[in-house]
Amino acid sequence: MTGYFPNYDLAGRIQHTKFASGFNMPSIRMDRVEKPETQDFKQVFSGLVENFNQDLNAPDDLLKDVMQGNKNVDIHDVMVAMSKTEISVNIATQMVGKVINAYDRVMQINI
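Residues numbered from 1 in each chain as written. Predicted model: local features only at pLDDT ≥ 70, side-chain atom pairs only at ≥ 80, totals over all residues. Heavy atoms only, no water.

Peer 1: How would you explain the overall build of the protein chain if you had to name every residue and give the values?
Peer 2: For the protein chain, the count of helices and strands is four helices and zero strands. Reading the helices (α) and strands (β) of the protein chain from amino to carboxyl end gives α-α-α-α. Split into buried and exposed, the 111 residues of the protein chain put 6% on the buried side. Within the structure as shown, the protein chain displays about 10900 Å² of accessible surface, and the carbon and sulfur contribution to it stands at 58%. (Helix = DSSP H or I, 4+ residues; strand = E, 2+ residues; numbered from the N terminus. Buried < 20%, exposed > 50% of the residue type's maximum accessible area, 1.4 Å probe, protein only. Areas by Shrake-Rupley, 256 points an atom, 1.4 Å probe, with all protein chains shown as cover.)

So this is what it looks like as structure tokens:
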């Protein structure tokens, strides 16, 4: 005996859906899940910059609240906000690098 291989009835365990059943029922899977937004590139990017700006200011605001003696804010909240900000800065830096690389590649295309 070289090894044990379990014997499963995989064909019997497959769940059939409306999509694969062959009945004349409208399929749920054929519709789009997300609704297309009408925002343009400028609006999307400005929203990302605003959110990034709020993430950058959050640790400072929380630290001010801690220093003023606000009981609802703990130093651990400040540390978590600082970690989130650090991750946001890393992601933004990588995104800028990717956009610059994509722009360089587009500019190198011969027409």
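Peer 1: Before we move on, can you summarise a nonpolar patch on the surface with the specific residues and values?
Peer 2: On the surface, Phe41, Val44, Phe45, Leu48, Val49, Ile87, Ile91, Met95 and Val99 cluster together to form a nonpolar patch covering roughly 830 Å² of accessible area. Its place among the elements puts Val49 in helix H3 (residues 41-67). (Patch = residues over 30% accessible without salt bridge, like charges linked within 9 Å, V, L, I, M, F, W, Y side chains within 5 Å. Salt bridge = Lys/Arg side-chain N within 4 Å of Asp/Glu carboxyl O.)

Peer 1: Could you give me a rundown of the packing of H3 against helix H4 (residues 75-107), with the residues and numbers involved?
Peer 2: Their axes nearest at 9 Å, the elements H3 and H4 cross at an angle of 160 degrees. In terms of orientation, H3 and H4 fall into the roughly antiparallel class. The way H3 lies across H4 gives a crossing that is left-handed. Of the residues in H4, those in contact with Phe52, Asp55, Leu56, Pro59, Leu62, Leu63 and Val66 of H3 are Ile75, Asp77, Val78, Ala81, Met82, Thr85, Ser88, Val89 and Ala92. Grouping the amino acids of the contact of H3 with H4 by side-chain chemistry returns twelve nonpolar, two polar and two charged. (Axes fitted to C-alpha atoms, helices over the stretch in contact; angles between N-to-C directions. Parallel < 35°, antiparallel > 145°, perpendicular 65-115°, else oblique. Left-handed = near helix turned anticlockwise from the far one by under 90°. Contact = heavy atoms within 4.5 Å. Nonpolar A, V, L, I, M, F, W, Y, C, P; charged D, E, K, R; others polar.)

Peer 1: Summarise the confidence of the model for the protein chain; cite the residues concerned and give the values.
Peer 2: A low pLDDT score tells you not to read the predicted coordinates there in detail. Across the protein chain, pLDDT averages 77, with 68% of residues at or above 70. Looking over the protein chain, one finds the lowest element-wise mean pLDDT in helix H2 (residues 18-21), namely 50, and the highest in H4, namely 91. (pLDDT = per-residue confidence, 0-100.)

Peer 1: With reference to specific residues and values, describe H4.
Peer 2: For H4, built from 33 residues, the straight-helix expectation of 48 Å at 1.5 Å per residue is met to within 8% by its first-to-last C-alpha distance of 48 Å. All of the buried residues along H4 are Val78, Ala81, Thr85 and Ser88. Of the surrounding elements, those touching the buried residues of H4 are H3. (Expected span 1.5 Å × (residues − 1).)

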